[in-house]
Amino acid sequence: MPDAVTSVLATALDGLATRQSVIADNIANVDTPNFRATTVDFESSLAAALQRGEMPVSGVTPTTQATNAPVGADGNNVDLRQQSLAAVQTQFQYQMMTRAVSDHFGVISTAAGQF
C-alpha cells in the first residue's frame, strides 16, 4: 500500500497526464469545424479528498469540461496561443511532480539505509 505522499503524487501525475492528452487533442483539432476545446480538472477533487482525510487518495479522477471560449465562424473555439501556453505549463508541472517523486523515494531510500 503506498504511503500518503506517494498516493497524492501519483494522483497528480495521472491528472497532469490526462491534461496533456486533452491539450494535445485540442491543438490537433485547431482547424476542425465545430470542435469545442475541453479542459481538465483534477485539483479540486484531489483537494476535497485531502480535506476529507482520504489516505491513500481514492476516487479522484480527472474530469473534462467544454470550455466557454468564444466560437469562431467555423464553430471551433480552440485558442492555439492559450492551448500552447497550457501545454508548456502542464509540462512544467509534470516535471516538478516527477522531481517530487524522485526526491520522495530518495528520502525513503536514505531512511531505509539507516536501519
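Conventions we followed
- Residues numbered from 1 in each chain as written.
- Predicted model: local features only at pLDDT ≥ 70, side-chain atom pairs only at ≥ 80, totals over all residues.
- Heavy atoms only, no water.
- Helix = DSSP H or I, 4+ residues; strand = E, 2+ residues; numbered from the N terminus.
- Rg over C-alpha atoms; globule rule 2.2 N^0.38 Å.
- Buried < 20%, exposed > 50% of the residue type's maximum accessible area, 1.4 Å probe, protein only.
- Contact = heavy atoms within 4.5 Å.
- Areas by Shrake-Rupley, 256 points an atom, 1.4 Å probe, with all protein chains shown as cover.
- Lys, Arg positive; Asp, Glu negative; His and termini not counted.
- Charge placed at Lys NZ, Arg CZ, Asp CG, Glu CD.
- Salt bridge = Lys/Arg side-chain N within 4 Å of Asp/Glu carboxyl O.
- Axes fitted to C-alpha atoms, helices over the stretch in contact; angles between N-to-C directions.
- Parallel < 35°, antiparallel > 145°, perpendicular 65-115°, else oblique.
- Left-handed = near helix turned anticlockwise from the far one by under 90°.
- Nonpolar A, V, L, I, M, F, W, Y, C, P; charged D, E, K, R; others polar.
- pLDDT = per-residue confidence, 0-100.

1. Focus: the overall build of the chain
- When you go through the chain residue by residue, the secondary structure sums to three helices and two strands.
- In summary, the chain has a C-alpha radius of gyration of 18 Å against a globular reference of 13 Å for 115 residues, an excess of more than 25%.
- Projected onto its principal axes, the C-alpha positions of the chain cover 65 × 25 × 15 Å.
- Buried residues in the chain amount to 26% of all 115 residues.
- Taking the intrachain contacts of the chain between residues at least 6 apart in sequence as the baseline, contacts between residues at least 24 apart amount to 74%.
- Accessible surface, the chain as shown: approximately 7,300 Å² in total, 58% of it carbon and sulfur.
- The chain carries 5 positive and 10 negative side-chain charges, and their two centres are separated by 5 Å.

2. Some words on the pattern of salt bridges
- Applying the stated criterion across every chain, the model contains three salt bridges.
- Of the charged contacts, one joins Glu54 and Arg52 as a salt bridge, the two residues approaching to 2.7 Å between their closest N and O atoms.
- A relative accessible area of 22% places Glu54 in the partly exposed class.
- Residue classification places Arg52 among the exposed positions, given a relative accessible area of 55%.
- Put simply, Arg99 and Asp103 hold a salt bridge, and the shortest N to O gap is 3.1 Å. Of this pair, Arg99 and Asp103 are both found in helix H3 (residues 80–113), four residues apart, which corresponds to roughly one turn of the helix.
- For Arg99, a relative accessible area of 55% corresponds to the exposed category.

3. Overview of the packing of helix H1 (residues 4–28) against H3
- At a minimum axis distance of 9 Å, the contact between H1 and H3 shows a crossing angle of 160°. As far as their axial angle goes, H3 and H1 are roughly antiparallel. Helix-helix and strand crossings are classified by hand; for H1 and H3 the assignment is left-handed.
- Residue composition of the contact of H1 with H3, grouped by class: 16 nonpolar, ten polar and one charged.

4. Details of the environment of Met55
- Topologically, Met55 is positioned in the loop between helix H2 (43–51) and strand S2 (63–66).
- Put simply, Met55 and Val22 are 33 residues apart on the chain and 28 Å apart in space, counted from C-alpha to C-alpha.
- Leaving out residues up to four positions away in the same chain, Met55 has contacts with Ala4, Val8 and Leu50.

5. Here's the deal with the confidence of the model for the chain
- Considering every residue of the chain, the mean pLDDT works out to 91; 97% of them sit at 70 or more.
- Put simply, H2 is where the chain has its lowest mean pLDDT, 90, and strand S1 (residues 38–41) is where it has its highest, 97.

6. Some remarks on unusual backbone geometry
- Even without being glycine, Asn34 reaches a positive phi, approximately 65°.
- Topologically, Asn34 is positioned in the loop between H1 and S1.
- Relative accessible area serves as the criterion here: at 60%, Asn34 is assigned to the exposed category.

7. Things to note about the side chain of Thr90
- The residue Thr90 is located in helix H3 in this model.
- Those residues in contact with Thr90 that sit more than four places away from it in its chain are Leu16, Arg19, Gln20 and Ile23.

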